[in-house]
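Residues per chain, in single letters:
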Amino acid sequence: MTDNEIDAPSEMKADIEKITSLAKRRGIVFPSAEIYGGFAAAYDYGPLGVELKRNIRELWWQSMVQERDNIVGLEAAIITNPKVWSAAGHLDAFHDPLVECLNCQARFREDLLAEESPDGSCPTCKTDRGFTAPKQFNMMLSTIVGPVSDESGRAYMRPETAQGMFVNFSQVQSSMRQRLPFGIAQIGKSFRNEITVKQFIFRTREFEQMEMEFFCYPEDSAEWYEYWKQERLNWYFSLGIRPQHLRLRAHAQEELSHYSKGTTDIEVHFPWGWGELEGIANRGDFDLTQHSNHSGQKLTFFDQERNEHVVPHVIEPAAGVDRLMLTLLLDAYDEEIVGDETRTLLRFAPNVAPVNVAVLPLSRNEKLSPTARSVHDRLKTQFRTQYDDAQSIGRRYRRQDEIGTPICVTVDFESLDDEAVTIRERDSMKQIRVPISGLSDALADSLNSMQPKMTREK
Ligand code: ATP
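Residues numbered from 1 in each chain as written. Predicted model: local features only at pLDDT ≥ 70, side-chain atom pairs only at ≥ 80, totals over all residues. Heavy atoms only, no water.

**Some thoughts on the site of the ligand**
Working step 1: The ligand sits among 16 residues. The nearest are E194, R203, T204, E276 and L277.
Working step 2: One of the backbone nitrogen or oxygen atoms of L277 is found 2.9 Å away from an oxygen atom of the ligand.
Working step 3: Protein coverage of the free-state accessible area of the ligand, which is 600 Å², stands at 85%.
Working step 4: Secondary-structure elements contributing two or more residues to the shell around the ligand are strand 10 (206-216), strand 13 (273-284) and strand 16 (313-320).
Working step 5: Sort the elements by how many residues they give to the shell around the ligand and strand 13 lands first, with four residues. (Near = heavy atom within 4 Å. Polar contact = N/O pair within 3.5 Å; in protein donor to acceptor, adjacent residues only side chain to side chain. Areas by Shrake-Rupley, 256 points an atom, 1.4 Å probe, with all protein chains shown as cover. Helix = DSSP H or I, 4+ residues; strand = E, 2+ residues; numbered from the N terminus.)

**Overview of unusual backbone geometry**
Leave glycine aside and you will find that most residues have negative phi; peptide bonds, for their part, are mostly trans.
Working step 1: Of note, the bond from L180 into P181 is cis; its omega dihedral lies within 30 degrees of zero at -5°.
Working step 2: With respect to the helices and strands, P181 occurs in the loop between helix 7 (169-175) and strand 9 (182-191).
Working step 3: Positive phi is not limited to glycine here, since Q199 has a value of about 55°.
Working step 4: Overall, Q199 belongs to the partly exposed group, its relative accessible area being 23%.
Working step 5: Of note in this structure, E419 is not a glycine but carries a positive phi near 50°.
Working step 6: Relative to the helices and strands, E419 is located in the loop between helix 13 (413-418) and strand 22 (420-425).
Working step 7: Residue classification places E419 among the exposed positions, given a relative accessible area of 55%. (Buried < 20%, exposed > 50% of the residue type's maximum accessible area, 1.4 Å probe, protein only.)

**Looking at the packing of aromatic side chains**
To describe a pair of aromatic rings, you give the distance between the ring centres and the angle between the ring planes.
Working step 1: This model, assessed by the stated rule, comprises 15 aromatic pairs.
Working step 2: Ring plane angle 25° and centroid distance 5.9 Å describe the contact between F169 and F182, whose orientation is recorded as stacked. On the criterion of sequence distance, the pair formed by F169 in helix 7 and F182 in strand 9 is long-range, its members being 13 residues apart. Residues F169 and F182 agree in their burial class; the two are buried.
Working step 3: Plain terms: the ring middles of F202 and W272 are 5.4 Å apart, the flat faces sit at 85° to each other, and that makes the pair edge-to-face. Linking F202 in the loop between strand 9 and strand 10 with W272 in the loop between strand 12 (262-270) and strand 13, this pair joins segments that are 70 residues apart in sequence.
Working step 4: For F202, a relative accessible area of 10% puts it in the buried group.
Working step 5: Grouped by ring-pair contacts, the aromatic residues F166, F169, F182 and F215 constitute a single cluster. (Phe/Tyr/Trp six-rings, centres within 6.5 Å; stacked < 30°, edge-to-face > 60°.)

**Re the pattern of salt bridges**
Working step 1: Under the criterion given, the structure shown has 44 salt bridges.
Working step 2: For E255, the salt bridge identified is with R249, shortest N-O distance 2.8 Å.
Working step 3: You can call E255 partly exposed: its relative accessible area is 36%.
Working step 4: Here D418 and R433 are joined by a salt bridge, their closest N and O atoms 3.2 Å apart. (Salt bridge = Lys/Arg side-chain N within 4 Å of Asp/Glu carboxyl O.)

**A word on the environment of I266**
Working step 1: Note on placement: I266 falls in strand 12.
Working step 2: Sequence separation between I266 and L233 is 33 residues, and the spatial gap between their C-alpha atoms is 7.0 Å.
Working step 3: Beyond its immediate sequence surroundings of up to four residues, I266 is in contact with K229, R232, L233, Y236, L246, R247, L248, G275, E276, L277, E278 and I280. (Contact = heavy atoms within 4.5 Å.)

**Remarks on the domain arrangement of the chain**
Working step 1: Each assigned domain of the chain is listed with its residue range as follows: domain 1 (16-93 + 146-329), domain 2 (95-138) and domain 3 (355-450).
Working step 2: Centre-to-centre separation of domain 2 and domain 3, based on C-alpha positions: 53 Å. (Domains from an automatic or database assignment.)

**Comments concerning the sheet that holds strand 6 (residues 135-138)**
Working step 1: With antiparallel pairing, three strands are arranged side by side in an open sheet as 5-4-6. Strand pairing shows two members of the sheet lacking a second neighbour, strand 5 (107-109) and strand 6, which therefore form its edges. With direction set aside, neighbouring strand axes in the sheet form an average angle of 50°.
Working step 2: Looking at chain direction, strand 4 (residues 95-100) and strand 5 are connected through three bridges and run antiparallel. Among the inter-strand pairings, V99 is bridged to a residue of strand 5, identified as F108. (Pairing = 2+ DSSP bridges. Axes fitted to C-alpha atoms, helices over the stretch in contact; angles between N-to-C directions.)

**Notes on the nonpolar core**
Working step 1: Counting residues in hydrophobic clusters, the biggest one holds 57 residues, and the most contacted among them are M210, Y236, L246, L324, L326, L328 and F348.
Working step 2: Take this core: its biggest share by element is eight residues, from helix 10 (residues 321-332).
Working step 3: Ignoring sequence-local partners within four residues, the contact set of Y236 consists of I241, L246, I266, L277, E278, A319 and L324.
Working step 4: Core analysis: the second largest hydrophobic core is formed by 20 residues, V375, F383, I436 and M450 among them. (Core = buried A, V, L, I, M, F, W, Y, C linked by side-chain atoms within 4.5 Å.)

**Points about the sheet that holds strand 3 (residues 71-73)**
Working step 1: Strand order in this open sheet of seven strands is 3-9-10-16-13-12-11, and the pairing throughout is mixed. Whereas interior strands pair on both sides, the edge strands pair on one side only; in this sheet they are strand 3 and strand 11 (246-250). The sheet shows a mean angle of 25° between the axes of neighbouring strands, taken without regard to direction.
Working step 2: Pairing analysis gives three bridges linking strand 3 to strand 9, with the strands arranged parallel.

**Here we look at the packing of helix 2 (residues 47-66) against helix 8 (residues 221-238)**
Working step 1: Where helix 2 contacts helix 8, the two axes come as close as 12 Å, and the packing angle between them is 140°. As judged from the angle between their axes, helix 2 and helix 8 are oblique. The interaxial crossing formed by helix 2 with helix 8 has right-handed handedness. For the pair helix 2 and helix 8, contact is made by I56, L59, W60, S63 and M64 and by W228, R232 and W235, respectively. (Parallel < 35°, antiparallel > 145°, perpendicular 65-115°, else oblique. Left-handed = near helix turned anticlockwise from the far one by under 90°.)

Below, the structure written as structure tokens:
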């Protein structure tokens, strides 16, 4: 797929209200500290949300670190030396344009205003009295570190994980004996004092990023930039996101961040329009040069063959865990009429589904329970399982459909005699009988067949 190629987006059945309500009802993600009325755009992740996030992180780590010989991991401090942020340009240039409604004084991000209110009125008070001229608003969230509460203790919550990789470039390169090209990857929380927080977990002030800084020879950077755009897009296909909901969009020159020589976003067709899921940036040598100048330390790679020090250029794929989780929820959401009922389901690919096998005794019964429990005990070391015996079997199937469980295993009274169980596949609702002795293999085959194989040509 080339930049700016736009397939016709398919109709998404989900909207943000449906997803917000399903996520709360099923313990995926809900407003933080709701007993106190919540807190602006802060969310807490419940048991199934935690599983979904873990899957996202692990799949990213597997594809970016474990399956590659030249990418290694890092976990840097969230609150670090503030000099990092002045060197990286964040204290001076990490701004968004802020405007204020002349009628109600509500504040907005100017560049998102057209999206929020296409007719130009104020999204809050709906009048059209206009807005103030844009002011630059710094998005760094700050705190005071140490026992004395004055400016000498001023520090910042990191707004991106990337700087950890730059300031530790030499440390990691030498301890891991890496040669160019190589990458450093990190997953962790970042914080931004966003002006507008909207669309559920799409944009929040506390969020989690998955970033990788790929250090290469300057002359190879254009090629690596192309490589990483395609690699990252293919990864989203491997999670089962529908190709027509994804596109690559190259930034125009005037859109580029202060550090960027070129940026392409992987965008998703959200219910409110196309929006960024991941940015792939060619950061050139901006960061290493800045940190070298500010710290007085050499941040270069010594190339023995060329007998020279090289300041590597950097390609950075930077994605958001929470934003990907929202994408997966929206993209997987479906409704269909079955009989005279609407069946709501999440068509999660098995690799992302919070639960991939549910074990359901036909009813809560003292004869069935021991067999069902022992089936569950055997499966839980191999699959992400859930045991559920509350309410009717029909309601339990619906519940599993709604959380996107690909397969349900039902233990019924016949199972006690024929030592077999029924497996039901979420999408087709097809049921087949499988002997308990061959259950693990049958489940692995079914899950495998439900895993999308679709990738785009490179
Ligand atoms: P946006 O233009 O949406 O503000 P950005 O271009 O500033 O995003 P990057 O700095 O490229 O974002 O961060 C990389 C990724 O981190 C984004 O693609 C997104 O998935 C995630 N991300 C950034 N800001 C937020 C936020 N406030 N809430 C949730 N996720 C975020």
